[in-house]
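So the chains spell out like this:
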Amino acid sequence: MYGMIFDFLREYVVERHGGKETWKALLDDNDYGYKIYFPVKEYPDEEIVALATSASKALNLPLPDVLEDFGSFVGPKLTTFYHMYVKDKSWKTLDIIEIAGSSIHDTIHQHNPSRKPPTISSKRESDDYLILTYHSHRKLCPVVRGVVRGLGEKYGERFRIVESQCMHKGAEECVMHITRI
């Protein structure tokens with residue numbers, strides 16, 4: 001996983017859960033010591049899982065809840081980081097998911113063919129309803145749900161997200177029905 005996600009995780013911990021000392025405690029808990037994650041360098045997936053698991057234990061919250069909260073934190077930051085894909089200033093949450101989501105992952109894969117980004121596709125059924133399909137060996141669907149919620153907060157929108165199938169329940173991919181309410 002790219003270091004950018006680790007850096008977002010560090011920002012999340014620092015801003016929402018106790019500051020730099022909490023981040024240092026998570027690194028220490030996993031015997032990582034002092035570590036800087038560089039945005040375009042790849043790091044083992046196991047490291048992000050270990051850090052998130054430690055955060056879950058420290059917060060006494062289920063891991064999926066922590067991952068979804070992290071997603072809501074990172075969603076708006078992704079629109080800044082990947083601003084070149086948000087081509088229309090009038091776009092809102094569903095537009096960004098529909099158009100920019102797959103473009104970002106396709107471009108990342110072009111620059112690094114060995115990288116294994118998630119597969120994300122969407123089908124817009126109406127102005128207020130989109131079906132999102134997500135597949136990744138990482139099974140981070142709670143982060144995806146959080147990203148939708150975080151983008152919604154950024155644009156003053158709320159969403160109902162219903163998963164009709166989930167990899168954590170044995171499905172090959174997650175299918176999320178996202179409705180603006």
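Residues numbered from 1 in each chain as written. Predicted model: local features only at pLDDT ≥ 70, side-chain atom pairs only at ≥ 80, totals over all residues. Heavy atoms only, no water.

What the protein contains, in helices and strands, is six helices and four strands. Tracing the protein from N to C terminus, the helices and strands come up as α-α-α-α-α-β-β-α-β-β. Here the C-alpha radius of gyration of the protein, 16 Å, is about what a compact globule of 181 residues would show, namely 16 Å. Summarising its shape, the C-alpha atoms of the protein cover approximately 50 × 35 × 35 Å along the three principal directions. Here the protein, with 181 residues, has 46% of them falling under the buried criterion. Once local pairs closer than 6 in sequence are excluded, the contacts in the protein between residues at least 24 apart make up 58%. Total accessible area on the protein is roughly 9900 Å²; 54% of this is exposed by carbon and sulfur atoms. Here the protein carries 24 positive and 26 negative side-chain charges, and the mean point of each set is 2 Å from the other. (Helix = DSSP H or I, 4+ residues; strand = E, 2+ residues; numbered from the N terminus. Rg over C-alpha atoms; globule rule 2.2 N^0.38 Å. Buried < 20%, exposed > 50% of the residue type's maximum accessible area, 1.4 Å probe, protein only. Contact = heavy atoms within 4.5 Å. Areas by Shrake-Rupley, 256 points an atom, 1.4 Å probe, with all protein chains shown as cover. Lys, Arg positive; Asp, Glu negative; His and termini not counted. Charge placed at Lys NZ, Arg CZ, Asp CG, Glu CD.)

The calculated volume of the second largest pocket comes to roughly 290 Å³. Of all the elements in the fold, those that place two or more residues in the lining of the second largest pocket are α1 (3-16) and α2 (20-29). Sorting elements by how many residues they give to the lining of the second largest pocket places α2 first, with five residues. Residues of the lining of the second largest pocket, tallied by class, amount to seven nonpolar, one polar and six charged. (1 Å grid on protein atoms, 1.4 Å probe; cavity = no way out; pocket = protein on both sides within 12 Å on 5 of 7 lines; lining within 4 Å. Points joined across faces, edges and corners; volume = space filled by probe spheres on them. Nonpolar A, V, L, I, M, F, W, Y, C, P; charged D, E, K, R; others polar.)

Per-residue pLDDT for the protein averages 89, and the proportion of residues at 70 or more is 91%. Looking over the protein, one finds the lowest element-wise mean pLDDT in helix α5 (residues 93-111), namely 74, and the highest in strand β4 (residues 174-180), namely 98. (pLDDT = per-residue confidence, 0-100.)

To continue, consider the environment of Glu47. Looking at where Glu47 falls in the secondary structure, it is placed in helix α3 (residues 45-59). With 35 residues separating them along the chain, Glu47 and Tyr82 place their C-alpha atoms 24 Å apart.

All right, on to the packing of aromatic side chains then. Centre-to-centre distance and the angle between the planes together describe a pair of aromatic rings. Scanning all chains against the criterion turns up five aromatic pairs. Judged by centre distance (5.5 Å) and plane angle (65 degrees), the ring pair of Phe6 and Tyr43 falls under edge-to-face. Taken together, the positions of Phe6 in helix α1 and Tyr43 in the loop between α2 and α3 put the pair 37 residues apart, joining distant regions of the chain. Accessibility classification places Phe6 together with Tyr43 in one group, the buried group. (Phe/Tyr/Trp six-rings, centres within 6.5 Å; stacked < 30°, edge-to-face > 60°.)

With that settled, consider the sheet that holds strand β3 (residues 159-165). Here we have four strands laid out as an open sheet, ordered β1-β2-β4-β3, and antiparallel in their pairing. The open sheet terminates on both sides in strands that have one partner only, identified here as β1 (119-126) and β3. Neighbour to neighbour, the strand axes of the sheet diverge by 20 degrees on average, direction disregarded. Relative to β4, strand β2 (residues 129-135) runs antiparallel, the two being bridged by six bridges. (Pairing = 2+ DSSP bridges. Axes fitted to C-alpha atoms, helices over the stretch in contact; angles between N-to-C directions.)

A grouping of Tyr34, Ile36 and Phe38 is seen on the molecular surface, where their side chains present a nonpolar patch of about 410 Å² in accessible area. Using a relative accessible area of 76% as the deciding quantity, one classes Tyr34 as exposed. (Patch = residues over 30% accessible without salt bridge, like charges linked within 9 Å, V, L, I, M, F, W, Y side chains within 5 Å. Salt bridge = Lys/Arg side-chain N within 4 Å of Asp/Glu carboxyl O.)

The next point concerns the packing of α1 against α3. The N-to-C vectors of α1 and α3 enclose an angle of 10 degrees; their axes lie 10 Å apart at closest approach. Comparing their axes, α3 and α1 come out roughly parallel. For the pair α1 and α3, the contacting residues are Ile5, Phe6 and Leu9 in the first and Glu47, Ile48 and Leu51 in the second. Residue composition of the contact of α1 with α3, grouped by class: five nonpolar, no polar and one charged. (Parallel < 35°, antiparallel > 145°, perpendicular 65-115°, else oblique.)

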